[in-house]
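Breakdown of the fold
Chain by chain, the residues:
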Amino acid sequence: MTRDFPVPAIEDWQRLTLSVLRRSGRADENTAAGEAADLLATTTYDGFPLAPLYTSRDTTVPDGLPGQAPFTRGGGVAGRWDVRTVHTDPDPVRTAAAARADLHGGATSLWLRAAAPEQLGELLTGVPLDRTGIVLDAGTETDKATAALLDVAARQNIEPRVLRGNLGADPYGAFAATGIEPELDVAADLAAQSVTAHPELRALTVDVTTYHDAGGSDAEELGCALATGVAYLRAMSDRGIPLTGSLDQLEFRYAATADQFATIAKLRAARRLWHRVTEVAGANRQSAQRQHAVTSGAMMTARDPWSNLLRTTLACFGAGIGGAGAITVQPFDVALGRPDETAQRIARNTQLILLDEAHLHRVTDPAGGSWYVESRTDELARAAWDWFTTIERAGGIGTALRSGLVADRLAATWERRATRVARRQDAITGVSEFPDLDEQVPTRHAVPPAPVGGLPRQRYAERFEELRRRADGATTAPVVHLVTIGRASDHSARVAFAANLFAAGGIRTVTTAADDPVPPGAVACVCSSDRLYAEQAAPVTAALRQAGAAKIWLAGRPGGQTGVDDHLYAGCDAVRVLETTLDDLGVPR
């Protein structure tokens with residue numbers, strides 16, 4: 001076989017890659033072949049590089065077999081993951097109907113995010129609690145919600161030991177989201193009750209999606225998860241609960257994003273890290289971290305919401321391949337308000353298709369052995385452990401939240417992320433790239449406002465969507481004139497680029513030749529090749545000035561062109577360009 005398919009040398013790849021980079025202008029004759037990979041590498045928000053090519057020299061074989069300690073290679077979950085649907089409607093009648101529809105359609109557990117304790121009886125009418133996992137999310141009323149759930153089970157003649165799911169006690173998660181001081185005693189009491197009375201109904205959730213939604217990185221999410229989990233173990237130990245029983249009371253909730261490899265690496269690294277924590281704590285029984293993956297709310301868009309179907313499918317795929325024990329796919333219209341029945345059904349069926357048609361659950365850790373995935377898992381685990389130990393040295397997660405250590409760290413990461421989004425380096429399809437100015441955005445009923453007082457809630461698309469709302473509110477649709485020089489082959493690429501950029505702010509474009517007039521007060525953008533800019537840009541911009549153009553852009557990087565006010569190019573601050581243009585066109589803020 002090797003005679004027919006010889007193994008290429010890494011030096012051959014470097015040489016061929018360098019020749020392409022030189023033709024594209026990203027390398028010159030002085031660039032060495034060994035530098036080709038560095039020119040194509042990117043850096044994660046956690047500071048470690050992602051190379052364009054990985055080989056067996058870049059990573060070692062991971063410890064453990066699939067499903068065994070340290071659980072990097074799967075959590076030992078046999079068969080299908082738990083298809084967990086989320087319900088956020090505060091109306092118990094609508095939620096009860098939606099819950100029954102989900103269970104009839106293939107869901108295996110229900111996550112009740114807006115249910116008041118006194119509504120649980122009505123909401124769970126017709127729900128077989130002996131076969132359905134229930135996950136509560138009642139915040140400071142967790143103890144009341146628990147009592148209500150147990151009362152419903154008693155009325156259904158169901159033994160408490162049969163109940164499955166999670167009571168949702170997460171005092172530090174609530175503290176991060178709302179600023180309400182945590183009540184660890186209540187959570188520890190619920191854990192003690194669960195250990196003896198209903199062991200399959202776990203008491204505590206470590207929900208770190210709040211840190212993700214505040215703009216945090218994957219390692220920051222994992223580090224906060226470890227610190228929170230350790231804090232809960234200490235609280236249960238103080239309550240007299242043995243370590244083995246305490247470990248069984250925890251479930252960790254992570255965000256899954258459309259970066260499928262990041263999601264896979266995050267879940268694998270999380271299990272490896274938690275196994276290390278349990279080793280240090282002295283656990284005498286090996287068990288994997290229980291993981292609930294939820295498709296990211298920060299990545300969802302209100303514009304072109306149908307693109308969210310692609311994002312959530314990729315996120316669910318990554319979570320399934322990464323070994324999550326339970327997965328929730330958020331409906332595609334969640335950024336618009338209360339999801340409708342169609343969106344809820346598609347969210348549920350996304351999982352069922354990946355299970356029943358793609359068969360993702362039939363192989364444990366299918367990404368294992370990939371040099372890229374193994375390397376990324378290792379780098380992420382190390383970065384997360386550094387952040388975890390930083391939190392612990394500061395006094396633990398509670399102290400780190402109160403002091404602002406966590407908030408400041410996440411804010412710095414969000415600032416870097418927001419800059420990349422604004423420059424369209426982290427492109428958002430349908431919003432910052434390829435927007436549809438004629439789209440009909442569906443309308444949805446409003447939802448209760450999100451909690452305030454804690455960490456901020458960010459959504460990557462918000463700045464562009466605010467520009468679109470501003471443009472939509474203008475009395476006259478804002479327009480930029482794309483003034484072309486030369487033939488179509490000279491200007492078509494930059495015309496398409498400029499039109500796409502302006503559309504991201506709700507600004508339409510019209511294309512005119514250099515000798516065609518533009519109306520007084522117009523905003524113009526000159527489009528052509530660098531060669532023709534050098535020859536003809538100056539007289540064209542002079543003519544535009546004489547015609548009364550209020551602002552003249554040039555599509556291309558700054559390079560000595562005279563007569564223009566500013567430039568737009570790949571990697572420029574698109575948000576600034578759009579805000580400035582709307583100002584120049586007199587569109588009210």
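Basis of the calculations
- Residues numbered from 1 in each chain as written.
- Predicted model: local features only at pLDDT ≥ 70, side-chain atom pairs only at ≥ 80, totals over all residues.
- Heavy atoms only, no water.
- Pairing = 2+ DSSP bridges.
- Helix = DSSP H or I, 4+ residues; strand = E, 2+ residues; numbered from the N terminus.
- Axes fitted to C-alpha atoms, helices over the stretch in contact; angles between N-to-C directions.
- Buried < 20%, exposed > 50% of the residue type's maximum accessible area, 1.4 Å probe, protein only.
- Polar contact = N/O pair within 3.5 Å; in protein donor to acceptor, adjacent residues only side chain to side chain.
- Contact = heavy atoms within 4.5 Å.
- Domains from an automatic or database assignment.
- Salt bridge = Lys/Arg side-chain N within 4 Å of Asp/Glu carboxyl O.
- Parallel < 35°, antiparallel > 145°, perpendicular 65-115°, else oblique.
- Left-handed = near helix turned anticlockwise from the far one by under 90°.
- Nonpolar A, V, L, I, M, F, W, Y, C, P; charged D, E, K, R; others polar.
- Core = buried A, V, L, I, M, F, W, Y, C linked by side-chain atoms within 4.5 Å.
- Phe/Tyr/Trp six-rings, centres within 6.5 Å; stacked < 30°, edge-to-face > 60°.
- Lys NZ or Arg CZ within 6 Å of the ring centre and 35° of its normal.

The protein chain is annotated in an unreviewed UniProt entry as Methylmalonyl-CoA mutase from Micromonospora jinlongensis.

Reading around the circumference, β3-β4-β5-β6-β7-β8-β9-β10 is the order of the 8 strands in this closed barrel, with parallel pairing throughout. In this sheet, neighbouring strand axes are inclined to one another by 25 degrees on average, regardless of whether the strands run parallel or antiparallel. Relative to strand β6 (residues 165–169), strand β5 (residues 133–136) is paired through 2 bridges, and the arrangement is parallel. Bridging across to β6, Val 135 finds its partner in Asn 166.

Secondary-structure assignment places Gln 289 in the loop between α11 (260–281) and β9 (291–295). For Gln 289, a relative accessible area of 6% corresponds to the buried category. One polar contact links Gln 289 to Tyr 254, side chain to side chain, over a distance of 3.0 Å. Polar side-chain contacts of Gln 289 include one of 3.0 Å to the side chain of Gln 291.

We now examine the environment of Ala 367. Checked against the element boundaries, Ala 367 lands in the loop between α13 (341–356) and α14 (371–393). Along the sequence, Ala 367 and Arg 268 sit 99 residues apart, while their C-alpha atoms lie 9.9 Å from each other. Not counting chain neighbours up to four residues away, the residues in contact with Ala 367 comprise Ile 264, Ile 321 and Val 373.

Each domain of the protein chain was delimited in the assignment, giving domain 1 (82–394) and domain 2 (474–585). For domain 1 and domain 2, the distance between their C-alpha centroids amounts to 49 Å.

One pass over the full model with this rule turns up 46 salt bridges. Between Arg 84 and Glu 251 there is a salt bridge, and its shortest N-O distance comes to 3.1 Å. With Arg 84 in strand β3 (residues 82–87) and Glu 251 in strand β8 (residues 250–256), this residue pair connects regions lying 167 residues apart in the sequence. Each member of the pair, Arg 84 as well as Glu 251, carries the same accessibility label: buried. Salt-bridge contacts for Arg 303 lead to Glu 439; the nearest nitrogen and oxygen are separated by 4.0 Å. Pair noted here: Arg 303 is in the loop between β9 and α12 (308–322) and Glu 439 is in the loop between α16 (405–422) and α17 (462–472), with a separation of 136 residues, a long-range link. Take Arg 303 and Glu 439: they sit in the same class, and that class is buried. Through salt bridges that share partners, Arg 73, Arg 268, Asp 365 and Glu 374 make up one connected network.

At a minimum axis distance of 8 Å, the contact between α11 and α14 shows a crossing angle of 55 degrees. It follows from the interaxial angle that α11 and α14 lie oblique. Like other packed secondary-structure pairs, α11 and α14 cross with a definite hand, here right-handed. Contacts from Phe 261, Ala 262, Ile 264, Ala 265, Lys 266, Arg 268, Ala 269, Arg 272, Leu 273, Arg 276 and Val 277 of α11 reach α14 at Tyr 372, Val 373, Glu 374, Arg 376, Thr 377, Asp 378, Leu 380, Ala 381, Ala 384 and Trp 385. Class assignment of the residues belonging to the contact of α11 with α14 gives a composition of 13 nonpolar, 1 polar and 7 charged.

Our focus in this paragraph is the nonpolar core. If you look at the biggest cluster of nonpolar residues, it comprises 147 residues, and the most contacted ones within it are Leu 124, Leu 129, Tyr 211, Ile 397, Phe 502, Cys 525 and Leu 568. Leave out the neighbours within four places in its chain, and Phe 502 touches Val 480, Leu 482, Ile 507, Thr 509, Cys 525, Trp 553, Leu 568, Val 577, Leu 578 and Thr 581.

Inspection of every chain in the model, using the stated rule, returns 8 aromatic pairs. On the basis of an interplanar angle of 10 degrees and a centroid distance of 6.3 Å, the ring pair of Phe 252 and Tyr 254 is categorised as stacked. Judged by its relative accessible area of 1%, Tyr 254 falls in the buried class. Ring centres of Phe 261 and Tyr 372 lie 5.3 Å apart, and the angle between their planes is 65 degrees; on these two criteria the pair is classed as edge-to-face. Of the two residues, Phe 261 sits in helix α11 while Tyr 372 sits in helix α14, which places them 111 residues apart along the sequence. Owing to a relative accessible area of 34%, Phe 261 belongs among the partly exposed residues under this scheme. The structure contains a cluster of three or more aromatic residues connected by ring pairs, namely Tyr 54, Phe 261 and Tyr 372. Across from the ring centre of Trp 387, 4.3 Å away, lies the NZ or CZ of Arg 409, which sits over that ring. A cation over an aromatic ring shows up here: Arg 417 above the ring of Tyr 45, its NZ or CZ 4.3 Å from the ring centre.

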